[in-house]
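# Overview (structure and organization)
Residues per chain, in single letters:
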Amino acid sequence: MSSNDNASLDFIRTIVAEDCKSNKWDGRVITRFPPEPNGYLHIGHAKSICLNFGIAAEFEGGQCNLRFDDTNPIKEEEEYIKSIIADVCWLGWDWQDRLYYASDYFERMYQYAVQLIKAGRAYVCDLDAEATREYRGTLTTPGKDSPYRNRSIEANLDLFERMKADEFSDGSRTLRAKIDMTHPNLNMRDPVIYRILHADHPRTGNKWCIYPMYDWAHGLEDSIERITHSICTLEFENHRPLYDWFLDELGIYHPQQIEFARLNLTYTVMSKRKLLQLVERGLVNGWDDPRMPTISGLRRRGYSPVAIRNFCRRIGVNKFNSTVDVAILEHCLREDLNKTSLRVMAVLRPLKVVITNYPQGQTEEMDAVNNPEDPAAGSRKVPFSRELYIEQDDFMEDPPRKFFRLAPGREVRLRYAYFITCTDVVKDENGNVIELRCTYDPATRGGDSPDGRKVKATLHWVSAEHALKAEVRLYDHLFSVENPERTEEGNDFTSNLNPNSLETLSCCYAEPSLKDATSLNRYQFERLGYFCVDPDSSDGQLIFNRTVTLRDPWKKIQKQKGR
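All values reported here derive from a predicted model rather than from experimental measurement.

Reading the values: the criteria
Residues numbered from 1 in each chain as written. Predicted model: local features only at pLDDT ≥ 70, side-chain atom pairs only at ≥ 80, totals over all residues. Heavy atoms only, no water. Salt bridge = Lys/Arg side-chain N within 4 Å of Asp/Glu carboxyl O. Helix = DSSP H or I, 4+ residues; strand = E, 2+ residues; numbered from the N terminus. Buried < 20%, exposed > 50% of the residue type's maximum accessible area, 1.4 Å probe, protein only. Pairing = 2+ DSSP bridges. Axes fitted to C-alpha atoms, helices over the stretch in contact; angles between N-to-C directions. Parallel < 35°, antiparallel > 145°, perpendicular 65-115°, else oblique. Left-handed = near helix turned anticlockwise from the far one by under 90°. Contact = heavy atoms within 4.5 Å. Nonpolar A, V, L, I, M, F, W, Y, C, P; charged D, E, K, R; others polar. Phe/Tyr/Trp six-rings, centres within 6.5 Å; stacked < 30°, edge-to-face > 60°. Lys, Arg positive; Asp, Glu negative; His and termini not counted. Polar contact = N/O pair within 3.5 Å; in protein donor to acceptor, adjacent residues only side chain to side chain. Expected span 1.5 Å × (residues − 1).

## Description of the pattern of salt bridges
Two side chains carrying opposite charge are able to pair once their charged atoms lie near each other. Summed over the entire model, instances satisfying the criterion amount to 44 salt bridges. Notably, a salt bridge pairs R149 with D190, separated by 2.6 Å at the nearest N-O pair. Linking R149 in the loop between helix 5 (129-136) and helix 6 (153-164) with D190 in the loop between strand 5 (174-177) and strand 6 (192-196), this pair joins segments that are 41 residues apart in sequence. When sorted by exposure, R149 lands in the same class as D190, which is buried. A salt bridge links K274 to E485, with the nearest nitrogen and oxygen atoms 2.3 Å apart.

## Section: the pairing of strand 23 (residues 468-475)
When you tally the buried positions in strand 23, you get six out of eight residues, the bulk of the element. The pairing of strand 23 with strand 24 (residues 502-510) spans seven bridges and is antiparallel. When the sheet's bridge partners are listed, V472 is paired in strand 24 with L505. Note: strand 23 against strand 27 (residues 542-548), four bridges, orientation parallel. Within the sheet, the bridge partner assigned to A470 lies in strand 27 and is L542.

## With respect to the sheet that holds strand 5
Spatially, 4-5-6-7 is the arrangement adopted by the four strands of the open sheet, whose pairing is antiparallel. Looking along the sheet, the strands with just one partner apiece sit at the ends: strand 4 (122-125) and strand 7 (210-212). Across the sheet, the mean angle separating the axes of adjacent strands is 20° when strand polarity is ignored. Bridging between strand 5 and strand 6 involves three bridges; their strand directions are antiparallel. Looking at strand 6, one finds that T174 is bridged to R195.

## Let's talk about the packing of helix 4 (residues 106-118) against helix 7 (residues 214-224)
Helix-helix packing: each pair is described by the crossing angle between the helix axes and the interaxial distance. Interhelical geometry of helix 4 versus helix 7 gives an angle of 110° and a closest axis separation of 11 Å. Classified by the interaxial angle, the pair formed by helix 4 and helix 7 is roughly perpendicular. Here helix 4 runs over helix 7; the crossing is right-handed. From helix 4, R108, M109, Y112, A113 and L116 reach across to helix 7, where they touch W216, A217, L220, E221 and I224. Of the residues assigned to the contact of helix 4 with helix 7, the class counts are eight nonpolar, no polar and two charged.

## Overview of the side chain of T31
Within the secondary structure, T31 is located in strand 1 (residues 30-33). Apart from residues lying up to four places away in sequence, T31 is in contact with N52, I55, A56, Q63, C64, N65, I227, H229 and I231.

## With respect to the packing of aromatic side chains
Applying the stated criterion across every chain, the model contains 23 aromatic pairs. Considering the side-chain rings of F384 and W461, the 5.2 Å spacing of their centres and the 85° angle between planes classify their relative orientation as edge-to-face. Of the two residues, F384 is situated in strand 16 (residues 379-384) and W461 in the loop between strand 21 (458-459) and strand 22 (462-463); the sequence distance between them amounts to 77 residues. For F384, a relative accessible area of 0% gives the class buried. Ring pairs connect the aromatic residues F106, Y110, F160, Y194, W208 and Y211, which therefore count as one cluster.

## Points about the packing of helix 1 (residues 11-22) against helix 2 (residues 43-58)
At their nearest, the axes of helix 1 and helix 2 sit 11 Å apart, and the two run at 35° to each other. In this structure, the crossing between helix 1 and helix 2 has a hand that is right-handed. Counting all contacts with helix 1, which are made through I12, R13 and V16, the residues of helix 2 involved are C50, L51, G54, I55 and E58. Looking at the contact of helix 1 with helix 2 residue by residue, the class counts come to five nonpolar, one polar and two charged.

## Things to note about the side chain of E391
In this fold, E391 is placed in strand 17 (residues 387-391). R349 is the oppositely charged side chain nearest to the buried, salt-bridge-free E391, at an N-O distance of 5.5 Å. Polar contacts involving the side chain of E391 include one to the side chain of H460, which spans 3.3 Å. In this structure, E391 is in contact with A346, V347, L348, R349, L351, H460 and L528, ignoring residues within four places of it in sequence.

## Here we look at helix 3 (residues 78-90)
Side chains that are three or four residues apart share a direction in an α-helix, a result of its 3.6 residues per turn. Here helix 3 spans 18 Å end to end across 13 residues, near enough to the 18 Å set by a 1.5 Å rise per residue. Listing the buried residues of helix 3 in full gives Y80, I81, S83, I84, D87, V88 and W90. Positive phi shows up at G92, right after helix 3, with a value of about 100°.

## A word on the environment of I30
Within the secondary structure, I30 sits in strand 1. Along the sequence, I30 and P73 sit 43 residues apart, while their C-alpha atoms lie 28 Å from each other. For I30, the residues in contact, after removing those within four places along its chain, are Q63, N65, R226, I227, T228 and H229.

Structure (structure tokens):
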């Protein structure tokens, strides 16, 4: 990337470009994406993934490491590690041979802690967690020194070695940095570096019973991997002085930490802890439920990697917190799916149509365009016969003035086929419309009339004889309010769950071209929206998830603004 491009760069890329220009890091650009394997990644992580891997891809010779911050064995699972690897790959990024784990560095971290003790800058503390909080003070009152703060270096080295040797119980002792208990930044008030924790680690088993705290591990990992730009979300800004202090005290390689605002999205929660609650309480059907903002959930719903990457690029990188309208994400999705999705016809709420003047037993093959946005996608044949299904909503017996679809005595066009006119309505014993009798005009094959007459509506349809039966799951926002965190007193965020976030339609029909549709294939159901084949589908049962409707409110908003 040329430094001449700086005017169009976000503030982080501007820093990187200036560093390259000044040769600050010997021309190197090395970033990292460091997830904790304690949950599935979500759309907020996608922003960080695209930022870190994107910067590495944009600057000559750049590299981005994938590193798991696996410092807490209680909450970490191999399932999460596998899912994170799959998600980053699916988004289109490659870390080559640079897959690392914090646990790879446990021995080196321990030795660095010993170095800090020998320098008189760390001590073993016997205060329990409650007393430690008490001694820490508050934002308005200074903390006070631990009674164990002035132990000798020899005593601290002995106790720390015994902590490692499994002589003490969980929580009975910690190793703390010796900084300043009156510091205005609470993170600098003798923070805990190591705690005793008897738990098997997914990668190291029971080799360790002391584990490093994140603030200690984070900077050391960056230093060991010789990261140049350590890009974090904004909540770590107050932790940066501690990041710097550790590296400076140890006198080791010191990357630059830069913070940016995390992604907040309307109608969405972005806390892994809260997403885990939804899963554990059975309020959603797992981490990959298509209503979840997880990358696996978005993938199952039918999102494309390109749409997510375009979204992350469009919203940019800021230094201040804000909330992004989910309509922007959906707009990016429609933009991509409109270009790439094959068009097909499906009927979700079927109403039978019998064309009384069409020959019994006859079938015709109608030419249908696969994607008007992509001529290379070609066309397909769609069977047409005497009995069809249309959408229930496309017929009204007594229509209002602006309803232009099918009604008694009215003529409409069937997509790719003929003009038809409704001549009779069949009802059941309760007065419900169950079938329409229509006639067709054979001269209008393909959808145009030789005499030039016009119709005001075009309907999609499927041949009843040839249609594939399918289940369709209509997904909407998981929450019914823009800010799910805002609740009435006594309620939690789950009180804002949308009771209509999922509607399952079990008797839908799709054109036969979909018989070979495979898991996660994406389609546009004409006039209905974008849909994706759910992995639950089997040979005898097609299941589709609605990815997003055709209506694009964000596009309309932008037009109104004159953009």
